[in-house]
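Survey of secondary and tertiary structure
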Amino acid sequence: MTQILMGRGDLYSDNDTELVGDGSHYSAQIGYLGRGSQTIDVNVVVNHYGKNTECEIDTSGALKDAAKKVFRGTIDFLRGGKKAVGNEEDTCLLLNKGVHSISVPLLLCKEDDVVGNHAASSGQVDPDMLFYLMSRGLSEDEARAMLVRGFVEPVSKALPLEYAVEMNNLINLELKGSLK
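Residues numbered from 1 in each chain as written. Predicted model: local features only at pLDDT ≥ 70, side-chain atom pairs only at ≥ 80, totals over all residues. Heavy atoms only, no water.

Structural notes on the environment of Ser-60
Mapped onto the fold, Ser-60 is located in strand 5 (residues 54-63). Separated by 56 residues in sequence, Ser-60 and Ile-4 place their C-alpha atoms 9.9 Å apart. Beyond its immediate stretch of four places on either side in the chain, Ser-60 contacts Ile-30, Gly-31, Tyr-32, Thr-91, Phe-151, Val-152, Pro-154 and Val-155. (Helix = DSSP H or I, 4+ residues; strand = E, 2+ residues; numbered from the N terminus. Contact = heavy atoms within 4.5 Å.)

This is the structure we're talking about:
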């Protein structure tokens, strides 16, 4: 599943997946850009029933203005799901003060011999990185937009080229002149 959360108003995403067959696989790449007083609420649940199942949940994006993002990712290793592997990660770029990023990655386990990993990180734009990009001829707006595109790149790689280009154009438009 590839999902881009960019739009007007509050955005909600809820996905429940059951990995029942042995060797089943699920992958979710979710990108977002929150702005204004927008709330982005993402909930992903993956239940591992089958043996040798695997899931990968990656969310990444950026928040500006007074936007808020909540990510809830649940990977549940249920009885019968031996040798299952589950990974989840949420990465958020905080473009200014006043934004809120809440990440709740959760691993549940009722089976032995499984591997579960989770990670969450958020941080502001590194001034040294911004300076470096600007010293190469980019404006501050262009440099910030490039950093945001870098955060959502894992999602854009999963899109057909024409959609990835459109997503980059939307990011540039949304960020132009608004991050000073």
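Examining the side chain of Thr-74
Within the fold, Thr-74 resides in strand 6 (residues 68-77). Under the relative-accessibility criterion, Thr-74 is labelled buried at 16%. Excluding residues that lie within four positions of it along the chain, Thr-74 makes contacts with Val-44, Val-45, Val-46, Glu-88, Leu-106 and Leu-108. (Buried < 20%, exposed > 50% of the residue type's maximum accessible area, 1.4 Å probe, protein only.)

Thoughts on helix 3 (residues 161-175)
One turn of the α-helix equals 3.6 residues, which is why residues spaced by three or four share an orientation. Compared with the 21 Å implied by 1.5 Å per residue over 15 residues, the 21 Å span of helix 3 between its first and last C-alpha is a close match. What helix 3 keeps buried is the set Ala-164, Met-167, Ile-171, Glu-174 and Leu-175. Considered in projection along helix 3, the buried side chains sweep an arc of 90° and stay on one side of the axis. What points out from helix 3, more than 90 degrees from its buried face, is the exposed set Leu-161, Glu-162 and Leu-173. Of the surrounding secondary structure, the elements contacted by the buried residues of helix 3 are strand 1 (2-5), strand 3 (25-34) and helix 2 (140-156). (Expected span 1.5 Å × (residues − 1). Arc of directions from axis to C-beta.)

What to know about the sheet that holds strand 8 (residues 100-109)
Strands belonging to one sheet form pairs held by backbone hydrogen bonds; the direction of such a pair is parallel or antiparallel. Within the open sheet, the four strands sit side by side as 2-4-6-8. Their pairing is parallel. Since the sheet does not close on itself, it has two edges, and those belong to strand 2 (11-19) and strand 8, each with one partner. Pairs of neighbouring strands in the sheet enclose a mean axial angle of 5°, with direction left out of account. Note: strand 4 (residues 39-48) against strand 6, ten bridges, orientation parallel. Looking at the pairing, Val-45 lines up with Thr-74 of strand 6. (Pairing = 2+ DSSP bridges. Axes fitted to C-alpha atoms, helices over the stretch in contact; angles between N-to-C directions.)

Here's the deal with unusual backbone geometry
Residues other than glycine predominantly adopt negative phi, and peptide bonds predominantly adopt the trans conformation. Within the chain, Lys-83 stands out as a residue other than glycine whose phi angle is a positive 60°. With respect to the helices and strands, the residue Lys-83 is situated in the loop between strand 6 and strand 7 (85-94).

What about the nonpolar core?
Core analysis: the biggest nonpolar cluster contains 22 residues, and Leu-5, Tyr-26, Val-42, Val-44, Val-46 and Leu-63 have the highest contact counts within it. Every element with two or more residues in this core is listed here: strand 2, strand 3, strand 4, strand 5, strand 6 and strand 7. (Core = buried A, V, L, I, M, F, W, Y, C linked by side-chain atoms within 4.5 Å.)

Overview of the pattern of salt bridges
Here the structure, examined in full by the defined rule, presents five salt bridges. Where Asp-113 meets Lys-83, a salt bridge forms, and the shortest distance between an N and an O atom there is 2.8 Å. Residue Asp-113 is located in the loop between strand 8 and strand 9 (115-124), and its partner Lys-83 is located in the loop between strand 6 and strand 7; the two are separated by 30 residues in the primary sequence. (Salt bridge = Lys/Arg side-chain N within 4 Å of Asp/Glu carboxyl O.)

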